[in-house]
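Chain and residue survey
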Amino acid sequence: MKPVFMLLVSTAWTLTGAQYYYQGLMDYLENRLLAIEDRIHFWHEQFHRHHAELQDFKKLTAVAVDGLRNDHGVLLKDVEGAATRVERVDREMDRVESWSAPRACASKADKVLEQGAWGLEEVRGGEEEEEWEELQSKVSDCVEIISAIRSVKILKRVGGPKGMWTRDPRSSRVYVFNGTSGDSVYQFNSVLDFSRSAGLTGGRQIRLPAEWSSPGAAVYDGFLYLVQQEVDMDTQVVKYDLLSGLVTDMAMFPMESHASVYGLNPEAAVDLVADDEGLWLLYAAGDSEPNINLAKMDPATLDIEQIWDTRCPRENAEAAFVVCGTVYVVYNTRLASRSRVQCVFDVNDAVLSEEAPLFYFPRRYGAHTSLKYNPEEGQLYGWDDGYQIIYRLTMKRKLLI
Ligand SMILES: *[C@@H]1O[C@H](CO)[C@@H](O)[C@H](O)[C@H]1NC(C)=O
């Protein structure tokens, strides 16, 4: 009985020992497997997360790039829009200003200011003002001719040796045309503004839809009149509204040649003069025509009203201006000396040849490339070798009237 018991016990012991051993192994393996599974699961998740993150990142960058691209476009458009808006506001401001400023007062105040700078002999206060009024009414009644140059003022020196500047008698604004041609003009609010400005860039640059050629442009009552003359094209007179920036009228002008109207300033085939009485065109009728021709246009409709041969030669002419229906042609020599008015033509034949003035300009720098008359002030705006000069004129009564 004893050995059997022993065996039983030993077997049981062995059995339980083995059982424990295997159970332990199984547990261990199971734990390892679980741990590996966990790890795999963890990696899997990690991978998925990374993948998703990568995808998101890709999407984000794509969106960002698209956004940037759009933003750039929008920004560009915005900038352009802003520029046009600023320009529009600028124009609007101009318009409002010209509405709200009582014209007569503004130009009077301006005149007094400018007069103040004319030097001692000119400063005579109220008396001077009355004289201005008188002069103005006489000019518009057209019983006066120029007898002499009363005084000279050298305002400043800007731009190139050739150019043109003029003052709108109505708005008192100053317009500067630098060079002999171009598509933009500089605007200043007054002569004083211009004289104080640092160069041309101190003014407002106005881009024009048409090219001007100096001195063939005129400004009157907020309108700029230009002559457009391209090779193999008909000559055209363009009327441009300086406030709205629009071309308001255009008309052809029948001209056979592009010969220069002034022998000493060959760049311009046509010169324009605008005043209360009309728009005057000075031009050469043909290459072989020795004289300066004159045409009168209605400034409102650009209709040609009349044409004259002034009998003033083009040769050695450097400029001309129209005062009260009388053309004064200024001559010089090729080697610039003193400019002088040497030929006068009156459209009404009211100036007798013996009373026709012959007067000299004071000797300055080179020669005039333009002389623009301002009927409201009785003064000439000259451009001489880059200097901007104002000449005040003395008038006398026509004998005939
Ligand atoms: C004015 O014109 C001259 C050439 O005649 C040129 O050299 C100069 O740069 C121009 N100035 C401006 C501000 O346009």
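Let me sum up the structure you'll find in this document. Every value quoted in this text rests on a predicted model; they were computed, and no experiment measured them. One numbering rule holds for all chains: residues counted from 1, following each sequence as written. Local features in this predicted model are restricted to residues of pLDDT 70 or higher, and side-chain atom pairs are both shown and tallied only at a pLDDT of 80 or more, whereas totals for entire chains, interfaces and linings draw on every residue. Only hydrogens and water are set aside; all other atoms, that is, all heavy atoms of the structure, feed into the side-chain values.

1. Here's the deal with the state of the cysteines
The disulfide criterion used throughout: a pair of cysteine sulfur atoms within 2.5 Å. All told, the structure shown has one disulfide when counted by the stated rule. Each disulfide pairs two cysteine sulfurs, and for cysteine 312 the partner residue is cysteine 343, the sulfurs being separated by 2.0 Å. Every disulfide takes its handedness from the sign of the S-S torsion; for cysteine 312 and cysteine 343 that torsion is -85°, giving left-handed. One end of the pair, cysteine 312, is in strand β13 (residues 304–313); the other, cysteine 343, is in strand β16 (residues 340–346), with 31 residues separating them in the sequence. One exposure class covers both cysteine 312 and cysteine 343, and it is buried. In this description a helix means any DSSP run of H or I spanning at least four residues, a strand means any run of E spanning at least two, and both kinds are numbered starting from the N terminus. Whether a residue is buried, partly exposed or exposed follows from its accessible area with a 1.4 Å probe, protein chains only, as a fraction of its type maximum: under 20%, in between, or over 50%, in that order.

2. Describing the sheet that holds strand β1 (residues 144–157)
The antiparallel open sheet is built from four strands, whose spatial order is β1-β20-β19-β18. Each edge of the open sheet is held by one strand with a lone partner, namely β1 and β18 (368–374). Looking at each pair of strands side by side, their axes are set apart by 20° on average, direction ignored. Pairing geometry for strand β19 (residues 379–384) and strand β20 (residues 387–397), over six bridges, is antiparallel. Each residue of the ladder has a partner; that of tryptophan 383, found in β20, is glutamine 388. For two strands to be treated as a pair, DSSP must find no fewer than two bridges joining them. Axis definition: a line fitted to C-alpha atoms, limited for helices to the stretch in contact. Angles are taken between N-to-C directions and run from 0 to 180 degrees.

3. Notes on the pattern of salt bridges
The rule for a salt bridge is simple: a side-chain nitrogen of Lys or Arg has to be within 4 Å of a carboxyl oxygen of Asp or Glu. Counted by the stated rule, this structure contains nine salt bridges. Among the ionic pairs, lysine 162 bridges to glutamate 267, the shortest N-O distance being 3.1 Å. Of this pair, lysine 162 sits in the loop between β1 and β2 (163–167) while glutamate 267 is found in the loop between β9 (246–253) and β10 (270–275), placing the two residues 105 residues apart along the sequence. Residue classification places lysine 162 among the partly exposed residues on the basis of a relative accessible area of 25%. Here arginine 167 and glutamate 377 are joined by a salt bridge, their closest N and O atoms 2.1 Å apart. Placement of the pair is arginine 167 in strand β2 and glutamate 377 in the loop between β18 and β19, with a sequence separation of 210 residues. Like glutamate 377, arginine 167 is buried. Connected through salt bridges with shared partners, the residues Arg170, Asp221 and Glu376 form a single ionic network.

4. Things to note about a nonpolar patch on the surface
Exposure above 30% relative accessible area and no salt bridge define the residues that can form patches, which grow by joining like charges within 9 Å and nonpolar side chains of Val, Leu, Ile, Met, Phe, Trp and Tyr within 5 Å. Shrake-Rupley sampling with a 1.4 Å probe provides the accessible areas, and residues are treated as covered by the protein chains on show and by no other component. On the surface, Tyr21, Tyr22, Leu25, Tyr28 and Leu29 cluster together to form a nonpolar patch covering roughly 570 Å² of accessible area. Mapped onto the secondary structure, tyrosine 22 falls in helix α1 (residues 2–100). Given the relative accessible area of 52%, tyrosine 22 is considered exposed.

5. Some points on unusual backbone geometry
You will see that asparagine 316, though not glycine, has its phi angle at about 65°, which is positive. If you trace the backbone, asparagine 316 turns up in the loop between β13 and β14 (317–323). Take asparagine 316: its relative accessible area is 26%, and that puts it in the partly exposed class. Positioned with a positive phi, cysteine 324 is a non-glycine residue whose angle comes to about 60°. Within the element layout of this structure, cysteine 324 appears in the loop between β14 and β15 (326–331). A relative accessible area of 6% means that cysteine 324 is categorised as buried.

6. Notes on the packing of aromatic side chains
Put simply, two rings from Phe, Tyr or Trp (the six-membered ring, in Trp's case) pair if the centres are within 6.5 Å, and we call them stacked under 30 degrees between planes, edge-to-face over 60, tilted for the rest. Summed over all chains, the structure comprises 10 aromatic pairs. Between tryptophan 165 and tyrosine 381 the ring centres are 4.7 Å apart and the planes differ by 85°, which places this aromatic pair in the edge-to-face class. In this pair, tryptophan 165 is assigned in strand β2 and tyrosine 381 in strand β19, connecting sequence segments 216 residues apart. Each of the two residues, tryptophan 165 as well as tyrosine 381, counts as buried. Of the aromatic side chains, those joined through ring pairs into one cluster are Trp165, Phe188, Phe194 and Tyr381. Whether a charge lies above a ring is judged from NZ of Lys or CZ of Arg, which has to be within 6 Å of the ring centre and within 35 degrees of the ring normal. Looking at lysine 296, its charged tip hangs above the ring of tryptophan 280, at a distance of 5.6 Å from the centre.

This is a description of form; function is not addressed.
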